[in-house]
Each structure stands twice: as structure tokens, then as C-alpha cells.
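If you want the building blocks of each chain, they are given just below.
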Amino acid sequence: MANNKNHTLIPSPPPLLLLFFFFFSISINTFVESRPPFACDLKNGATRSLRFCRENLPIHVRVRDLITRLTLQEKIRLLVNNAAAVPRLGIQGYEWWSEALHGVSNVGPGVKFGGAFPGATSFPQVITTAASFNQSLWEQIGRVVSDEARAMYNGGVAGLTYWSPNVNIFRDPRWGRGQETPGEDPVLAGKYAASYVRGLQGSTGLKLKVAACCKHYTAYDLDNWNGVDRYHFNAKVSKQDLEDTYDVPFKACVMEGKVASVMCSYNQVNGKPTCADPVLLKNTIRGQWGLNGYIVSDCDSVGVLYDNQHYTSTPEEAAAATIKAGLDLDCGPFLAIHTENAVKKGLLVEEDVNSALANTITVQMRLGMFDGEPSAHPYGNLGPMDVCTQAHQELALEAARQGMVLLHNPGRTLPLSRTHHRTVAVIGPNSDVTVTMIGNYAGIACKYTSPLQGISSYAKTIHQAGCEDVACENNQQFGAAEAAARQADATILVMGLDQSKEAEFRDRVGLLLPGHQQELVSRVAKVSRGPTILVLMSGGPIDVSFAKNDPRIGAILWAGYPGQAGGAAIADVLFGTTNPGGKLPMTWYPQSYLAKVPMTNMGMRPDPSTGYPGRTYRFYKGNVVFPFGHGLSYSTFSHSLSKPPTHLSLPITNLYALNNSTISKNSIRVSHINCQTNLEFDIIVKNSGTIDGTHTLLVFTSPPSASRQTLSTNKQLIGFEKIRLVAGSEKQVKVNVHVCKHLSVADRFGIRRVPIGDHDIYIGDLKHSISLRASLEEIKY
């Protein structure tokens, strides 16, 4: 889906989508005080007694009743995002496409800002929030976003179905949409997905506050690179990589987050379009994982698989293939245009259409859209006063603070002192930006605090942009920037990227700072009278080895895209009001890494025969600029273990397992183990510094060395805890290691196994080994 914000050029949607919005558009909600009922208006005598309007009946009964009342033509017009009204049954038209990646967004047509709703709280971009490693924060943000979404729905300017979050793995550092994701680690992405979805959807059983959607399923992480675009790309993925990397966050989203929707992607996976693959949709998402909701296509991807990928010979075959594979809703016109002929030609039966509608209408009923007047429902009292509240804006500021990652501070240059650094030079193309801070898939923010404004609240500032923009195509303004640095007690350079360099359909070419930015940083640092601090704004990693190795640059801070309050959060960290506790959710590679990894190579593991080095901290063993999980603090934290377990016997559950190669190459199939076994670790975390701080405790595992060589696995994150500690205090934290979940690995067939032998557990700066052995005690004869 194309982003139309942030002053960046975005490719036009496919032609069919434009035709659809022209010919089938339904007027979306004028600005009114409250939304009339979507359906089942109790004031309408012709419809209020219909069986599908009776709230006291089970939802599946109501859904079946409604579907039996629809004609085939009416059903087909409900298969697309801009669903048509059914006036004779009192059902209004509905726009399914809304976005809420990190705040209510107007990227999709379902949301319209203006009138009583001029904006919404804009939280940090997802990659920045992920750096907090704070599950409760992610859920809290989801609750606020859904409060504002419901308020806008009640006001008639938004829908209730939000195609967020994006939980794809940030596999390649060049990917323009990596900023939308929770990073490169599948466990981190899965926990983020489940937490944010729970916040959005609420926790009232079957009832939904809003309906979330995890996207883009699966192995989607290339938009437009070196002549290959997402509409034509066939991602060749091993079963092993699908099982232990690409599918992990989606599985967590469905099984732990109970998400109401999953979106299939544009690309093919191993020769099949994801939106037409029954193994992925029917068998996996709905079958194995048990999705209780609907599956939607990315926008116009049904048209793409026919027009661009030429997957079928006729459009009717394409419509039939997607619906029969398990697709329930098309973002785009394709199914509205071609499904009726597919039925007439015998490629589909009407019951196939009914099955798709049952899934979408069920979600609408769970949202209360068939329960009459919204004001009578639990969230019906939310309105304009519940959007951009002071509490919501304070949460946006706190989220930005928690997402800041201190990358480099060797001489303890930071924090700055308000006493000693009274005049600060603020330099760089991102030093006084606003819209840049909210990244893509954003809406209209309540208000902004730029870096310059934030720093100005702590010190007198001398401002020079240095460059016209992040492209920094010449050095004509560098002299003025150098003059500012000579006059100041400290110099802060705010550099990096924006949506002109990384965005949807805009993958990066390299990892270095654009244009002459590096020259600006080095020249300013050379003449600066006081300490020089480099602040980076970006979604993806940047190779700033030059700055890391320059003794004149005292500190490097990564701010990501920190949201509407980003400038205040940056200043709070620089001056020590906030003690940074963020950790990198992705590896920062050197520029040289790119020569060895085409974006089209989906393999996670290295291939020594070709020189392919592998991807992410889990498999890549080469040099990095900054590693996954890296992040410094103004405090010092230490860890100790209290009587940790050292041995564990794994009970094998049946004789059949032994007779069918349960124990193979020193590993046991997870399906043949009693998986109730947990290992519990008691960890003492101490803040030995002089400043209160928040510590991110990361827990990793590594399999036995023999398995490590076979699987090419370095280590794997299995959990994390966020701990607040005042200076000098300590806290005990319990970490549970689930043997089958955390100590298992996927073999080349995608089968999960637990290796026998010594597993290493990394807890903070500690390393501990657990010896696993097979036990035959529980075999049933």
C-alpha cells in the first residue's frame, strides 16, 4: 500500500485500483457529530426485527441468517474493501481500509481528518518503539490508538478495521519499509505483534474494540531493488527459514494476539502468489494457527497476480484461485469485477463466496456494527475529547524516550550539563524537522516538538541546517555550520535519513549517510569548541564507522523516527533528564556487507560455497558497526544467577516415536517430547551506577556446538524484561525457559527439534550451560 505523506514521491497504484475508486467510490462519512448505525437501526421498523440484528443470538447464527438474505450480486460487492451498501436490509457501505501503524493514519481511505478531529496522537515509528523492548508499553500504545480510532468512528470519520501492524522481518538493511517493522528478530517481532494487537483489539472476549491485521504474509521484505519489484518477485524460501524466521511473528499474532485479520502479500513464495496459496492461507493461517477472522489481500494484489505475474490464464481463474485458497476480502476491484463470471463458469460455487463473507461479517459483528446505535455500546461514548489528550501526548513522549538508543559514549560525553553547556550549536538537515519524525504510514500529528525546539528548552541554541535537506547535495552551507560550532559550548549534529531515502517502494542503495553529510559531520567536529554529539534519525541502519572511530565525536545517539514529541525526547536524553535504555532491534552492518548479499537472496543462513554471509545476528558472523541488542546507559548494570539448573532430562512420550527416528542426529522431535517442562532462572539485576535507570535484560540461547555447525545458528533471543532500578538498588527477576519453545531449532524440513547436549543460556553479561539428555521413562507401551 502506497504512503502519500511526508513529502515524498510514491508510485501510482495499479490502474485497476484507480478505476475502482473512480467507478465504485462510496462517499465516506461527512463530518457529523455521531455516526448513524452501520446496520440494524432500532428506529427502522423494516429492519430492526431481522434475525441477524438480534444481539441475543450467537454470532454464527446471525451471520448465517444475513448471508441467506443476500443475492449473489450483493455478496460479490461485499468482497472488496469499498463494500457496497445493501439498502433493503438497512446495511450501509463500508470502507475496510484504514491504517494505524503507530497512530490513527489517513494513508488509507477509511480515515478523514478535519472538523472535530484535526489530528491524532502520532507515536514513534515502530522500529523506534521496538527498541524499547517493553511489551507493556506496546500494549498501552495500542490501547490509546484504538481509543482514538473508536472516537473517530463514533464521529463518522473513520472505520473500525485497521491494517496494522506490519510484522515482517527486517531481513535486509536496505529495505525501505524496515522502519515499519519491529526489527530483525522473530521472537521480538512476535511479542511486539501480540502486544500491540491486544492493545488495539481490547480484551472483552469475542467483542472487538477495533480489528487489527498482521501483514504482509509472508517472506515479504523487498519493494523495489535493482530492477526487481514486489509485484514480480518470487521469494525462494526454505521450509527451515519459513518455520524459524518468516512465519514466527505471524503465528504469534494469530495464536497469542488473537488477531482478527491477516494480510497476504504481493510477492510469490516458491512460485505461488501468497494470496492464492491454500497451504499458506487455509492450511496454515486458518487451519494450524486457528485464525478467528478474515484474510485480506494487499491492495490490488489479486489484480497483480493476474496482470503482472500471469499466474492464471483468465481473470476468472484468478478470482476463483484466491477465494478457494482462503482469501476473504480483496483490497481492490478485482473480485467485484470477476467473481460473478467465475461462478457462472463453474470455477467457483456460491458456497465459496458464502464462506469468505462469513469471515468478514463475523468480524463486523464482533465490532458491534450490527448492534444498532454506536452510542449504546461500550466505546460509544468516546469522542473528540478523547483524541490528542494530554495523557496520550505524554505517552508519545515517553515512548520516544524509551526508544532512544545510545550507541557510543566512550568518554562519557553525555549527558550534557546545563551549567557547563549553556550555548549549544544545533546543526544538520534533521535538526528542525517535524513531519520527518513520524516516519511513514502516519496521520496528522496533534503537534510537534522538533529537535531544535527540544534542545532550546535546555540551552541557548545557535542553529544552522548545514544542508538543504538529507540529500545534502553540496557543502555551500558548511562554513556557517562550522562558525556556529566554534561559538558553542557543545555541538549537536542531527543527521540521517527521511522518506525521500527510505520508504515504501524505495529500497536504499547503500548504508552510508547521503550526499555530503559525512563531510559536514567531520568538518564540524574538527572545529567544534566543545564536545560534538551525533544524533541519527532513520528507520534503517547507517554505517557511521567514520564517526565511531573519530575521537572528536564524543557520542552517537540513534533516535529512529521518534514521533510527534521526538525533539523533546532527544533533548531529555542529551541532557540527562532521561537515562537511555533502548537497544537496537536490528544489526548495523558496514557498507561492505551489501556486496555479498543481493536483496533477492532470502536465505537466512550463510553459504560458504558461494561466500554468502547470512543475515541478522542469528546467522551472520562478520564485522558489524553496532550489533543487535546494543545500547548504552548512563548507569552500570550487573547480573548474577541464584542456583541455576545445570541438567535436564527430556521425557520421550511414546514407543512409536522411537521407531520413527525421534532421536536423529542427536535431536528429538518436539512432537515426541512431553513439553510441559520449564527451566526457571532467578536473576539478580543491580544498578551499580549513580543514576536511576531502566535496564533491558535480554536472554539468548545457543544450541550445542555440533547442532550449531549444522544449523549455522549463532544465538537466538528467547525473552526480555524491562526493569526500572534506582541507583544502587537491585531486583530479582524470574525468567522461564520453555524447553520445547525456546531450546528447539528447525531442521531443513521445517520440523522443530530439541538438540541433545549442552545448551548455552546468555543472560545479560552472563553465560550458563544446561545439559539436556533424553529420558525413556515416560514411554507408553
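Since this is a predicted model, take the numbers as computed values, not measurements.

## Re the overall build of the chain
Of regular secondary structure, the chain possesses 23 helices and 27 strands. Compactness check: the chain gives a C-alpha radius of gyration of 27 Å against a globular reference of 28 Å for 781 residues, within 12% of the reference. With respect to the three principal axes, the spread of C-alpha positions in the chain is 75 × 70 × 50 Å. Taking all 781 residues of the chain together, the buried fraction comes to 63%. Sequence separation of at least 24 residues holds for 78% of the intrachain contacts in the chain that already meet a minimum separation of 6. Working note: accessible area of the chain is about 28,000 Å², and carbon and sulfur atoms make up 50% of it. For the chain, the separation between the mean place of its 73 positive charges and that of its 65 negative charges on side chains is 4 Å.

## Structural notes on the sheet that holds strand β26 (residues 757–763)
A sheet is described by the order of its strands in space; here 5 strands give the open sequence β18-β27-β26-β21-β22, paired in mixed fashion. Edge positions in the sheet fall to β18 (647–651) and β22 (716–725), since each of these pairs with one other strand and no more. Direction aside, the axes of adjacent strands within the sheet are offset by 25 degrees on average. Taken together, the 5 bridges between β18 and strand β27 (residues 766–775) define a ladder with parallel strand orientation. Bridge pairing in β27 links H647 to S771.

## Concerning the nonpolar core
One finds F52, W163 and F370 to be the most contacted residues of the largest nonpolar core, which totals 123 residues. Here this core takes 9 residues from helix α5 (residues 135–154), the largest share from any one element. L407, A490, L493 and M537 belong to the second largest nonpolar core, which has 84 residues in total.

## A short note on the packing of α5 against helix α6 (residues 186–201)
One can describe the packing of α5 onto α6 by two numbers: an axis separation of 7 Å at closest approach and a directional angle of 35 degrees. Seen along the crossing, α5 lies across α6 with a hand that is right-handed. Residues Q135, W138, E139, I141, G142, R143, V145 and S146 of α5 lie in contact with α6, whose contacting residues are L188, K191, Y192, S195, Y196, R198, G199 and L200. A class-by-class count of the residues in the contact of α5 with α6 yields 7 nonpolar, 5 polar and 4 charged.

## A few points about unusual backbone geometry
Residues S164 and P165 are joined by a peptide bond in cis, for which omega reads 15 degrees. Tracing the backbone through its elements, the reader meets P165 in the loop between α5 and α6. Each neighbour pair has its own omega, and for K215 with H216 the value is -5 degrees, a cis peptide bond. Along the chain, H216 turns up in strand β3 (residues 214–217). In this structure, K258 is a non-glycine residue whose phi angle is positive, near 55 degrees. The phi torsion at N270 lies on the positive side, around 50 degrees, for a residue other than glycine. For N270, the position within the fold is in the loop between β8 (268–269) and β9 (272–273).

## Here's the deal with the packing of aromatic side chains
Aromatic ring pairs are defined here through the distance separating the ring centres and the angle between the ring planes. Counting across every chain of the model gives 26 aromatic pairs. Summarising the aromatic geometry, the rings of W138 and Y192 are spaced 5.2 Å apart at their centres and angled 65 degrees between planes, so their arrangement reads as edge-to-face. Taken together, the positions of W138 in helix α5 and Y192 in helix α6 put the pair 54 residues apart, joining distant regions of the chain. The exposure class assigned to W138 is buried, which follows from its relative accessible area of 0%. The class of Y192 is buried, set by a relative accessible area of 3%.

## Points about the state of the cysteines
This model, assessed by the stated rule, comprises 7 disulfides. Between the sulfur atoms of C40 and its disulfide mate C53 the distance is 2.1 Å. When the S-S torsion is -80 degrees, as for the bridge of C40 with C53, the disulfide is left-handed. Here C40 is found in the loop between α1 (15–24) and α2 (59–69), whereas its partner C53 is found in the loop between α1 and α2, with 13 residues between them in sequence. Taking the relative accessible area as the measure of exposure, C53 reaches 11% and is therefore buried. A sulfur-sulfur distance of 2.0 Å marks the disulfide that ties C299 to C331. With the S-S dihedral at roughly 80 degrees, the linkage between C299 and C331 falls on the right-handed side. You can see C299 sitting in the loop between β10 (294–297) and α10 (301–307) and its partner C331 sitting in the loop between α11 (315–325) and α12 (334–344), a full 32 residues away along the chain. Here C213 is not disulfide-linked; the sulfur of C214 is the nearest cysteine sulfur, at 6.9 Å.

## Re the confidence of the model for the chain
Predicted coordinates in regions of low pLDDT should not be interpreted in detail. Mean pLDDT over the chain stands at 92; residues scoring 70 or higher make up 93%. Under a pLDDT of 50 for its full length, residues 1–32 has, in the predicted model, 90 contacts with residues more than four places off or in other chains. Low pLDDT, under 50, characterises residues 659–663; the predicted model gives this stretch 11 contacts beyond four residues in sequence or across chains.

## Focus: α6
Here α6 is 16 residues long and its end C-alpha atoms lie 22 Å apart, about the 22 Å a rise of 1.5 Å per residue gives. Among the 16 residues that make up α6, 13 are buried, leaving the element largely enclosed by the rest of the structure. At the N-terminal end of α6, a side-chain oxygen is found 2.9 Å from the backbone nitrogen of V187, two or three residues along, and the residue is D185. With its phi angle positive at about 80 degrees, G202 sits one or two positions after the end of α6.

## A short note on the pattern of salt bridges
Going through the model one piece at a time under the given rule, you end up with 34 salt bridges. Among the ionic pairs, E139 bridges to R198, the shortest N-O distance being 3.8 Å. Taken as a pair, E139 in helix α5 and R198 in helix α6 lie far apart in primary sequence, 59 residues in all. Among the residues examined, R198 registers a relative accessible area of 32% and is labelled partly exposed. With a closest N to O distance of 2.8 Å, R615 and D172 form a salt bridge. Separated by 443 residues along the polypeptide, R615 in the loop between α19 (566–574) and α20 (616–619) and D172 in the loop between α5 and α6 bring together distant segments of the chain. The exposure class assigned to D172 is buried, which follows from its relative accessible area of 0%.

## Considerations on the environment of Q393
By the element assignment, Q393 lies in helix α14 (residues 390–403). Separated by 271 residues in sequence, Q393 and S122 have C-alpha atoms that sit 8.3 Å apart. Discounting residues that sit within four places of it in the chain, Q393 has contacts with T121, C388, C446, K447 and Q564.

## Focus: the side chain of N579
Locating N579 in the fold gives a position in the loop between α19 and α20. A relative accessible area of 9% places N579 in the buried class. Within the structure, N579 has its side chain in polar contact with the side chain of S633 (distance 3.1 Å). Here the side chain of N579 touches Y634 through a polar contact of 2.8 Å, landing on its backbone nitrogen. Look past the residues within four positions of N579 in its chain and what remains in contact with it is S633, Y634, S635, I691, D692 and G693.

## Details of the sheet that holds strand β11 (residues 405–408)
Across the sheet, 6 strands lie side by side as β11-β16-β15-β14-β12-β13; this open sheet has mixed pairing. Strands at the two margins of the open sheet, each flanked by one partner only, are β11 and β13 (460–464). Pairwise comparison of adjacent strand axes, ignoring direction, gives a mean angle of 25 degrees for this sheet. Here 6 bridges tie strand β14 (residues 490–496) to strand β15 (residues 532–537), and the two strands are oriented parallel to one another. Bridge pairing links L493 to L534 in β15.

Criteria and cut-off values
Residues numbered from 1 in each chain as written. Predicted model: local features only at pLDDT ≥ 70, side-chain atom pairs only at ≥ 80, totals over all residues. Heavy atoms only, no water. Helix = DSSP H or I, 4+ residues; strand = E, 2+ residues; numbered from the N terminus. Rg over C-alpha atoms; globule rule 2.2 N^0.38 Å. Buried < 20%, exposed > 50% of the residue type's maximum accessible area, 1.4 Å probe, protein only. Contact = heavy atoms within 4.5 Å. Areas by Shrake-Rupley, 256 points an atom, 1.4 Å probe, with all protein chains shown as cover. Lys, Arg positive; Asp, Glu negative; His and termini not counted. Charge placed at Lys NZ, Arg CZ, Asp CG, Glu CD. Pairing = 2+ DSSP bridges. Axes fitted to C-alpha atoms, helices over the stretch in contact; angles between N-to-C directions. Core = buried A, V, L, I, M, F, W, Y, C linked by side-chain atoms within 4.5 Å. Left-handed = near helix turned anticlockwise from the far one by under 90°. Nonpolar A, V, L, I, M, F, W, Y, C, P; charged D, E, K, R; others polar. Phe/Tyr/Trp six-rings, centres within 6.5 Å; stacked < 30°, edge-to-face > 60°. Disulfide = S-S within 2.5 Å. pLDDT = per-residue confidence, 0-100. Expected span 1.5 Å × (residues − 1). Polar contact = N/O pair within 3.5 Å; in protein donor to acceptor, adjacent residues only side chain to side chain. Salt bridge = Lys/Arg side-chain N within 4 Å of Asp/Glu carboxyl O.

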